[in-house]
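# Close look at the chain arrangement
Residue strings, one per chain:
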Amino acid sequence: MNILLTGATGFIGSAVLPRLLDEGHAITALVRDEAKAAAVQMAGATALIGDASDAALVERAARASDGVIHLASSKDVDAVLVPAVLAGLADSGKPFVHTGGIWTYGSCDDITEESPAAPPVLTAWRATGERLVLAAEGVRGTLVVPSIVYGHGKGLANVIVDAPRGTGAVPTLRLIGDGSQHWATVHVDDLAALYVLALENGTAGHTYIGAGGHNPTVRELGEVAAQAADVAGGVAAESLEETTSRLGEGLAEALLLDQQARGIRARVELGWEPNGPALSEELLVGSYAPARVGR
C-alpha cells in the first residue's frame, strides 16, 4: 500500500517509517521543509513538502493514498488534519490510524481501552479528534494509544536521566514527586510494530493501547538511573510544588499520574508481541546509560 505518513522524522516516526518499508509499503511522508524531505528520502520514502494544517493539501494527499498514519498529533494540527483526512478517505474503506495518548485515562492501576477518560489539562484536547476518527463511516479508523515511549536514548525517559543532582556534599538524583507513581511504558520499536499491525489489520472503531506490560514506579527508574550514573546519594523525593516549578504545571500533572497497562487487546486481536528491553534495563545498561550516551 502507498501510505501517507505524518511525523516521519520524529521519535516515533523514525521507527514507524522503516517498519512500514520492511513490510513492503510505499511511503509518502508529509514534511515541513527541505531538510526533513532529505531525511525521509534517504530512508526510502517519497517526500511531500507542506503544512499538516493545510486542509486542501492533506485531503488531496489522503485521497491519493491507500491509507494514512498520523503521528504528528497536536492540538492545532489535529483540528484541521483529522477532518481533512476523513474527507479524503471518505467512503473508501481505507485505513486511518490516528494517535492518542495514555495520559487520557488518568490514574488507573489496570488501564484498558474501556477505562474512563480522565485526562490532565495538557492532553484534554485529544478527545475531539479521537471521536471523529473512531466514529467515521466509510473509513477504517483506528486509534493507537502509546504509553510512555522509550528507546534509543530518546523520549521522556530523559526527564529521569537528566534530573537535577542537588547541591549537597552527597549528590542525589531528584525524582518526579515522591516517585511512587507507576508509568506504563513501551519500547519505540515495539510501538512501531503496533502501528503497522493496526494499519493492516485493525478493526474500524477500535482503540489499541501500546503498552509493553512493564509498569515501573518512577522511584524504581530513578534508582536504576542513579546507579548507572554513580550518583552516590541515590534518589531524593520532590514536593509537588518543587516538581511543578521544575517541569511546569501541565507536564508535572501528567508525569505524576499513577498508570499501569498491559496492552492486551493489541496482543489478542492483532497478534502484537512487544519484546523490547524494559526501560529499567535501558537505563542501567542500554541506550540511556552514561557509558552509551556520553553523559
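Here, the structure is the one placed above.
Residues numbered from 1 in each chain as written. Predicted model: local features only at pLDDT ≥ 70, side-chain atom pairs only at ≥ 80, totals over all residues. Heavy atoms only, no water.

We now examine the packing of helix α3 (residues 55-64) against helix α4 (residues 75-88). Contact geometry of α3 with α4 gives a least axis separation of 7 Å together with a crossing angle of 40 degrees. Considering the angle they form, α3 stands oblique to α4. Of the two elements, α3 crosses α4, and the hand of that crossing is right-handed. Residues Ala55, Val58, Glu59, Ala62 and Arg63 of α3 pack against Val80, Leu81, Ala84, Val85, Ala87 and Gly88 of α4. A breakdown of the residues in the contact of α3 with α4 according to their chemical character gives 8 nonpolar, 1 polar and 2 charged. (Axes fitted to C-alpha atoms, helices over the stretch in contact; angles between N-to-C directions. Helix = DSSP H or I, 4+ residues; strand = E, 2+ residues; numbered from the N terminus. Parallel < 35°, antiparallel > 145°, perpendicular 65-115°, else oblique. Left-handed = near helix turned anticlockwise from the far one by under 90°. Contact = heavy atoms within 4.5 Å. Nonpolar A, V, L, I, M, F, W, Y, C, P; charged D, E, K, R; others polar.)

Inspection of the secondary structure puts His187 in strand β11 (residues 185-187). The buried category is assigned to His187, whose relative accessible area is 5%. One polar contact links the side chain of His187 to the main-chain amide nitrogen of Asp189, over a distance of 3.1 Å. Not counting the four nearest positions on each side in its chain, His187 is found in contact with Tyr150, Gly151, His152, Gly276, Pro277 and Glu282. (Buried < 20%, exposed > 50% of the residue type's maximum accessible area, 1.4 Å probe, protein only. Polar contact = N/O pair within 3.5 Å; in protein donor to acceptor, adjacent residues only side chain to side chain.)

The subject of this paragraph is the sheet that holds strand β8 (residues 148-151). Strand order across the open sheet formed by 3 strands is β9-β8-β11, with mixed pairing between neighbours. The open sheet has two edge strands with one neighbour each: β9 (154-155) and β11. Sheet strands touched by helix α7 (residues 188-201): β8 and β11. Its angle to β11, the strand with the most contacts, is close to 85 degrees. (Pairing = 2+ DSSP bridges.)

One open sheet accounts for 7 strands, arranged β3-β2-β1-β4-β5-β7-β12; its pairing is parallel. Because the sheet does not close on itself, it has two edges, and the strands there are β3 (46-49) and β12 (207-210). Taking the axes of each pair of neighbouring strands and ignoring which way they run, one obtains an average angle of 20 degrees across the sheet. Those strands touched by helix α5 (residues 126-135) are β5 (95-99), β7 (140-146) and β12, and its axis lies near 145 degrees from that of β7.

Attention shifts here to α3. Counting along an α-helix, one turn takes 3.6 residues, and residues three or four places apart therefore face a common direction. By the burial criterion, the buried members of α3 are Leu57, Val58, Ala61 and Ala62. All buried residues of α3 fall inside an arc of 125 degrees around its axis, so they share one side. Residues of α3 that are exposed and point over 90 degrees away from its buried face: Arg60 and Ala64. Buried residues along α3 sit in contact with β1 (2-6), β2 (26-31), β3, β4 (67-70) and α4. (Arc of directions from axis to C-beta.)

Fair warning: the whole summary comes from geometry, so function is off the table for now.
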